[in-house]
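Tertiary structure, described
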Amino acid sequence: MDWSEYLDEITRGMDSPEAAAVREELRTHLEELRERFVQDGVSAADAAALALQHLGAADVLHEAFAEAFPSRRYPLWAWFLLIPALIAGVWWVP
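So, here's what we can say about the structure. Since this is a predicted model, take the numbers as computed values, not measurements. (Residues numbered from 1 in each chain as written. Predicted model: local features only at pLDDT ≥ 70, side-chain atom pairs only at ≥ 80, totals over all residues. Heavy atoms only, no water.)

**So, the overall build of the protein chain**
- Within the protein chain one finds five helices and zero strands.
- Each helix (α) and strand (β) of the protein chain, taken in turn from the N terminus, gives the series α-α-α-α-α.
- For the protein chain, long-range pairs separated by at least 24 residues make up 62% of all intrachain contacts whose partners lie at least 6 apart in sequence.
- Accessible area of the protein chain: about 5400 Å², with a carbon and sulfur share of 56%. (Helix = DSSP H or I, 4+ residues; strand = E, 2+ residues; numbered from the N terminus. Contact = heavy atoms within 4.5 Å. Areas by Shrake-Rupley, 256 points an atom, 1.4 Å probe, with all protein chains shown as cover.)

Following this line, the structure appears as structure tokens:
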């Protein structure tokens, strides 16, 4: 699965502004993880795949967002609070 498909799965059913914010935030985390893996000597292709694995299954993240925002009608700023909390709290890289 490439990053675009992964992000599509996570943001499936979200309103456009929220989906765009979530996609941007998660893409940033994926890029940071990929860079970190490359710095550790992993090939670029393998680093991209490892970044996806590190964030976790797309369906699990999709459900986490659905549970956190059941109506999906929360203000855009709320997504910027949830995403770092999920990343830092669940998928933290030591």
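**Focus: helix α1 (residues 3–11)**
- Those residues of α1 not exposed but buried are Trp3, Tyr6, Leu7, Ile10 and Thr11. Angularly, the buried residues of α1 cover 120 degrees about the axis, an arc narrow enough to put them on a single face.
- A side-chain oxygen of the first residue of α1 lies 3.2 Å from the backbone nitrogen of Ser4; this N-cap is Asp2.
- Gly13, located one to two residues past α1, shows a positive phi value of around 85 degrees. (Buried < 20%, exposed > 50% of the residue type's maximum accessible area, 1.4 Å probe, protein only. Arc of directions from axis to C-beta. Polar contact = N/O pair within 3.5 Å; in protein donor to acceptor, adjacent residues only side chain to side chain.)

**Thoughts on the packing of α1 against helix α2 (residues 16–39)**
- Look at α1 against α2: their axes get within 10 Å of each other, and the N-to-C directions meet at 140 degrees. The angle between α1 and α2 places the two elements in the oblique class. The crossing of α1 and α2 is right-handed. Of α2, the residues touching α1 (which contributes Trp3, Ser4, Tyr6, Leu7, Asp8, Ile10 and Thr11) are Ala19, Val22, Arg23, Leu26, Arg27, Leu30, Glu31 and Arg34.
- When its residues are assigned to classes, the contact of α1 with α2 shows eight nonpolar, two polar and five charged. (Axes fitted to C-alpha atoms, helices over the stretch in contact; angles between N-to-C directions. Parallel < 35°, antiparallel > 145°, perpendicular 65-115°, else oblique. Left-handed = near helix turned anticlockwise from the far one by under 90°. Nonpolar A, V, L, I, M, F, W, Y, C, P; charged D, E, K, R; others polar.)

**Describing the nonpolar core**
- Formed by 20 residues in total, the largest nonpolar core has its most connected members in Tyr6, Ile10, Val22, Leu26, Leu30 and Phe65.
- Mapped by element, the contributors of at least two residues to this core are α1, α2, α3 (44–55) and α4 (58–68).
- If one sorts the elements of this core by residue count, α2 sits on top with six residues. (Core = buried A, V, L, I, M, F, W, Y, C linked by side-chain atoms within 4.5 Å.)

**Observations regarding the side chain of His62**
- Tracing the backbone through its elements, the reader meets His62 in helix α4.
- By relative accessible area, which is 5% here, His62 ends up buried.
- In terms of polar contacts, His62 uses its side chain to reach the backbone carbonyl oxygen of Glu9, at 3.4 Å.

**Concerning the pattern of salt bridges**
- What the rule picks out here adds up to two salt bridges.
- Asp8 is the partner of Arg23 in a salt bridge, and the nearest nitrogen-oxygen pair spans 2.7 Å. Pair noted here: Arg23 is in helix α2 and Asp8 is in helix α1, with a separation of 15 residues, a long-range link.
- Accessibility expressed as a relative area gives 42% for Asp8, which makes it partly exposed. (Salt bridge = Lys/Arg side-chain N within 4 Å of Asp/Glu carboxyl O.)

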